[in-house]
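Below are the chains, spelled out letter by letter.
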Amino acid sequence: MDHYDSQQTNDYMQPEEDWDRDLLLDPAWEKQQRKTFTAWCNSHLRKAGTQIENIEEDFRDGLKLMLLLEVISGERLAKPERGKMRVHKISNVNKALDFIASKGVKLVSIGAEEIVDGNVKMTLGMIWTIILRFAIQDISVEETSAKEGLLLWCQRKTAPYKNVNIQNFHISWKDGLGFCALIHRHRPELIDYGKLRKDDPLTNLNTAFDVAEKYLDIPKMLDAEDIVGTARPDEKAIMTYVSSFYHAFSGAQKAETAANRICKVLAVNQENEQLMEDYEKLASDLLEWIRRTIPWLENRAPENTMHAMQQKLEDFRDYRRLHKPPKVQEKCQLEINFNTLQTKLRLSNRPAFMPSEGRMVSDINNAWGCLEQAEKGYEEWLLNEIRRLERLDHLAEKFRQKASIHEAWTDGKEAMLRQKDYETATLSEIKALLKKHEAFESDLAAHQDRVEQIAAIAQELNELDYYDSPSVNARCQKICDQWDNLGALTQKRREALERTEKLLETIDQLYLEYAKRAAPFNNWMEGAMEDLQDTFIVHTIEEIQGLTTAHEQFKATLPDADKERLAILGIHNEVSKIVQTYHVNMAGTNPYTTITPQEINGKWDHVRQLVPRRDQALMEEHARQQHNERLRKQFAAQANVIGPWIQTKMEIGRISIEMHGTLEDQLSHLRQYEKSIVNYKPKIDQLEGDHQLIQEALIFDNKHTNYTMEHIRVGWEQLLTTIARTINEVENQILTRDAKGISQEQMNEFRASFNHFDRKKTGMMDTDDFRACLISMGYNMGEAEFARIMSIVDPNRLGVVTFQAFIDFMSRETADTDTADQVMASFKILAGDKNYITVDELRRELPPDQAEYCIARMAPYTGPDAVPGALDYMSFSTALYGESDL
């Protein structure tokens, strides 16, 4: 036994070290094992002309134990001790145990003294170890061995039988149908399987046991009543008995191997056909999704509100997060499936697969490029629209505030200007009216700037295509018309007062002075209140710092303004003092202005209240801009690391060319490389989260990095696609090497030649490089021969030769193909001495779907020895491989 077999034995025996000691305490199981193990031992001991009656007693002296090992191993053990003393018996048992250990079996807790003492558990455990080593371990079925191989053999043989489902070596055999199916599969004339019933296990079991003993020389090792009466039959007893069937039927192994070889060939063809169907469907689905998605991304219908545009942006984020990633995976898987299919077709000497028109990989890549272009344009449009709507909302609110303030100021002004109070006024009243009108004109001139601002804002709203422009224009036009009317009325009233001025001589200078100073101060306070309540929008720290500086400058003017307020109030107090002193009848009001000291004080108090509010608003906005700056730096810190990392990892193409060692080493290295890349995904997700926070904060620029999230996404997707494609190329090279029998040295020579003539180091040779490579290898060819070779290595006419196509071509030139001979030999085994094979034979030896696949492709056999249902197996080989290969 070589090291591999020894290791395999130890690995398999390890779970059996305690061989279910506690379960042996169950009398039912102990009884089954006694009977089964005794019968198994006798089936071998009878070859030496002896047998045992009591398993724990007859092996105590070690003589029959040594004899049993000699029979089943075919080897001679050391000469036994013939004495009757305990020491002689222990010596004999130790010789047997040493022989078992020499076969690579690890015996745990089983000593010679326990066997000599007749310990039932230890004796049964030792016999089970012998059975495992000499009857079960060497069983091998389809690359599985020992217990798993025996179970797979049972499953393969009983698969066509109804009511039989072999999953283990205990309850799957209780109804007896499994034993009957095994016998019927190999000797159908011994059992009429159609008459068996699942609900009559005793009859089924006894039938199988009797037939096996009578016709197959398999001793009866089990009792039907014990199996039926036990909830879970003993696994070791069942396995021991079933292994006898395996060895009894091992003579049919050649036919089974031949059938398996045909099955594999058929499975490859069926798998290739399924891969073609899967590619067509996946390509159609992906192209249809792209066709549906691009119109949505190209839709530039603007929305009127910020909420609607924010919803569009959220829908676009959902598309990026939820809908697009699965399609990226589908696209990558589609390319991998296509490359794998082409490799399998080349290995099977089948024509290259040509997808339907419009479904080539290049078509899908072109459509995908259009999708990403539309996606980029849609995102830029969304962000621009949000900026535009944000600007429009700000301007519209500013327009409404200024218009409301102006309309409040003009309220009643037309009626005032239309008054004819000067007609019945005294001289002093006329002078007062004239001065009051002068003050009004000053106030009117001060409001000219506000009217111009209102008109300019309305014009900008029109230029930015504000959705409610008609109402804005109507309101603006009304204000302008009213302003023109106020100007005309003001001019008309001045002319009337000037005509009457000659009759007026007295004027109250103090009231006039009060009115002249109060009007601009009041206008200043109204402007201050308007500015303090004006909304603002900024995007950077610098902008908010500019507003804060302007506000601090405004606060610095408050002391001077307070002095002006006190001076104006002092004028009014002086008027009151004169009136009280000289008993002037002034009716208690200033005839030149409607601005009262109470109004000045009230507005002044309001201004003082608005200042701290403005301070708080600026502080909050400053904090928000600081937070935005932190978000920019946080994103930039990661992006400036991830971006170069992705660019570095994108050199996988050069790395795959320069790798040395076996293809398996290269594949292992690439998979580790891929794992390191996949492990980097949490950092990409973290960056996505930071990018979402930036977008939610409406941050549109970042001076700290040149990388955008779009750059990172595209680079990440390209990186995943590149490493997956590179791994697939190495896997296909392994498939080609194993299928063509190429040695590692040959593969290294192919790689060295390919790398030498791959002058651009792109992993592909152009046509001239490939021609030079062939000439260097001794090919003497004309243009026609070279064109034929190029049609093989470049079926899609891309003008380049990949390493996979190169080794395919070289393996075809250097290796013989024996697949057709194997299939012919396999059919020959099934046909025997005949020149044909029958439909029944195919259906019996092959799975149903593969048998029908063969029958559909085989022509009837018409030779002189033909029988009904005869098929010409030569016709199947011709259909499968073509005339040239046969």
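Residues numbered from 1 in each chain as written. Predicted model: local features only at pLDDT ≥ 70, side-chain atom pairs only at ≥ 80, totals over all residues. Heavy atoms only, no water.

Participant: Whenever I open this one, the overall build of the protein confuses me. Can you help?
Facilitator: Looking only at helices and strands, the protein features 35 helices and 7 strands. In the protein, the proportion of contacts linking residues at least 24 apart, taken out of those at least 6 apart, comes to 75%. Summed over its atoms, the accessible surface of the protein is roughly 44800 Å², and 51% of this surface lies on carbon and sulfur atoms. (Helix = DSSP H or I, 4+ residues; strand = E, 2+ residues; numbered from the N terminus. Contact = heavy atoms within 4.5 Å. Areas by Shrake-Rupley, 256 points an atom, 1.4 Å probe, with all protein chains shown as cover.)

Participant: In this structure, what is going on with the packing of aromatic side chains? I would like to understand it.
Facilitator: Centre-to-centre distance and the angle between the planes together describe a pair of aromatic rings. Per the counting criterion, the structure on display carries 24 aromatic pairs. An angle of 40° between the planes, with centres 6.1 Å apart, marks the rings of phenylalanine 179 and phenylalanine 245 as tilted. One end of the pair, phenylalanine 179, is in helix α9 (residues 177-186); the other, phenylalanine 245, is in helix α12 (residues 235-248), and 66 residues separate them in sequence. Residue class for phenylalanine 179 comes out buried when judged on its relative accessible area of 0%. Joined through ring pairs, the aromatic side chains of Phe169, Trp173, Phe179, Phe209, Tyr241, Phe245 and Phe249 make up one cluster. When the ring centre of tryptophan 409 is taken as origin, the NZ or CZ atom of lysine 413, which lies over that ring, is 4.9 Å away. For the cation-ring pair, arginine 771 lies above phenylalanine 786, with the distance from its terminal atom to the ring centre recorded as 4.0 Å. (Phe/Tyr/Trp six-rings, centres within 6.5 Å; stacked < 30°, edge-to-face > 60°. Buried < 20%, exposed > 50% of the residue type's maximum accessible area, 1.4 Å probe, protein only. Lys NZ or Arg CZ within 6 Å of the ring centre and 35° of its normal.)

Participant: Even after reading the chapter, I still don't get the environment of lysine 516, so can you show me in this structure?
Facilitator: Topologically, lysine 516 is positioned in helix α20 (residues 509-533). Residue lysine 516 is classed as partly exposed on the basis of its relative accessible area of 46%. Residues lysine 516 and lysine 435, spaced 81 residues apart in sequence, show a C-alpha to C-alpha distance of 8.8 Å.

Participant: How should the nonpolar core be read in this particular structure?
Facilitator: One recurring pattern in soluble globular proteins is that nonpolar side chains are buried together. By size, the foremost hydrophobic cluster in this structure holds 77 residues, and its most contacted members are Ile130, Phe179 and Phe245. Apart from the residues within four sequence positions on either side, phenylalanine 179 is in contact with Trp173, Leu205, Ala208, Phe209, Leu222, Ile238, Tyr241, Val242 and Phe245. If you look at the next biggest cluster of nonpolar residues, it comprises 46 residues, including Phe635, Tyr680, Ile727 and Phe754. (Core = buried A, V, L, I, M, F, W, Y, C linked by side-chain atoms within 4.5 Å.)

Participant: I would appreciate a short explanation of the packing of helix α25 (residues 663-678) against helix α27 (residues 709-740) in the present structure.
Facilitator: A packed helix pair is summarised by two numbers, namely the angle formed by the two axes and the spacing between the axes. The interhelical angle for the contact between α25 and α27, taken along N-to-C directions, is 160°, at an axis separation of 10 Å. If you check the angle between α25 and α27, you find them roughly antiparallel. As for the relative orientation of α25 and α27, their crossing is left-handed in sense. Listed contacts from α27 to Leu663, Glu664, Leu667, Leu670, Arg671, Tyr673, Glu674 and Ile677 of α25 are Trp716, Leu719, Leu720, Ile723, Thr726, Ile727, Val730, Glu731, Gln733, Ile734 and Arg737. Within the contact of α25 with α27, the residues separate by chemical class into 12 nonpolar, 2 polar and 5 charged. (Axes fitted to C-alpha atoms, helices over the stretch in contact; angles between N-to-C directions. Parallel < 35°, antiparallel > 145°, perpendicular 65-115°, else oblique. Left-handed = near helix turned anticlockwise from the far one by under 90°. Nonpolar A, V, L, I, M, F, W, Y, C, P; charged D, E, K, R; others polar.)

Participant: Help me understand the packing of helix α2 (residues 27-45) against α12 in this model?
Facilitator: At their nearest, the axes of α2 and α12 sit 9 Å apart, and the two run at 25° to each other. If you check the angle between α2 and α12, you find them roughly parallel. Once α2 is placed against α12, the crossing between them reads as left-handed. Contacts from Gln32, Gln33, Thr36, Phe37 and Trp40 in α2 reach Lys236, Ala237, Thr240 and Ser244 in α12. Grouping the amino acids of the contact of α2 with α12 by side-chain chemistry returns 3 nonpolar, 5 polar and 1 charged.

Participant: Honestly, the pattern of salt bridges in this entry has me stumped. Any pointers?
Facilitator: Considering all chains together, one arrives at 55 salt bridges under this definition. Residues glutamate 330 and lysine 327 are paired through a salt bridge, measuring 3.6 Å at the closest nitrogen-oxygen approach. With glutamate 330 and lysine 327 both in helix α14 (residues 306-347) and 3 residues apart, this pair spans about one turn of that helix. Lysine 327 gets classed as buried once you look at its relative accessible area, which sits at 17%. Taking the shortest distance from any N to any O, the salt bridge between glutamate 564 and arginine 517 comes out at 2.9 Å. On the criterion of sequence distance, the pair formed by glutamate 564 in helix α22 (residues 558-582) and arginine 517 in helix α20 is long-range, its members being 47 residues apart. Each of Arg320, Lys324, Glu372, Glu375, Glu688, Glu710, Arg713 and Glu717 takes part in one network of salt bridges that share partners. (Salt bridge = Lys/Arg side-chain N within 4 Å of Asp/Glu carboxyl O.)

Participant: What's the story with the sheet that holds strand β6 (residues 859-860) in this structure? I'm lost.
Facilitator: Note: strands within a sheet are paired through backbone hydrogen bonds, in either parallel or antiparallel orientation. The sheet built from 3 strands is open, its strands ordered β5-β7-β6 with antiparallel pairing. The strands lining the two open edges of the sheet, one partner per strand, are β5 (837-838) and β6. (Pairing = 2+ DSSP bridges.)

Participant: Can you walk me through the confidence of the model for the protein in this structure?
Facilitator: Low pLDDT means the predicted coordinates in that region are not meant to be read closely. Averaged over every residue, the pLDDT of the protein is 79; residues scoring 70 or more account for 88%. Note that pLDDT drops below 50 for residues 503-507; the model gives that stretch 15 contacts with residues more than four away or on any other chain. Note that residues 881-886 has pLDDT below 50 and, in this model, 12 contacts with residues that lie over four places away or in other chains. (pLDDT = per-residue confidence, 0-100.)

Participant: Help me out: how do you make sense of unusual backbone geometry in this one?
Facilitator: Even without a glycine there, the phi angle at aspartate 217 is positive, about 60°. Here aspartate 217 is to be found in the loop between α10 (201-215) and α11 (224-229). Residue classification places aspartate 217 among the exposed residues on the basis of a relative accessible area of 55%. A positive phi angle is found at arginine 797, which is not glycine, with a value near 55°. One can find arginine 797 in the loop between α30 (783-793) and β4 (800-802).

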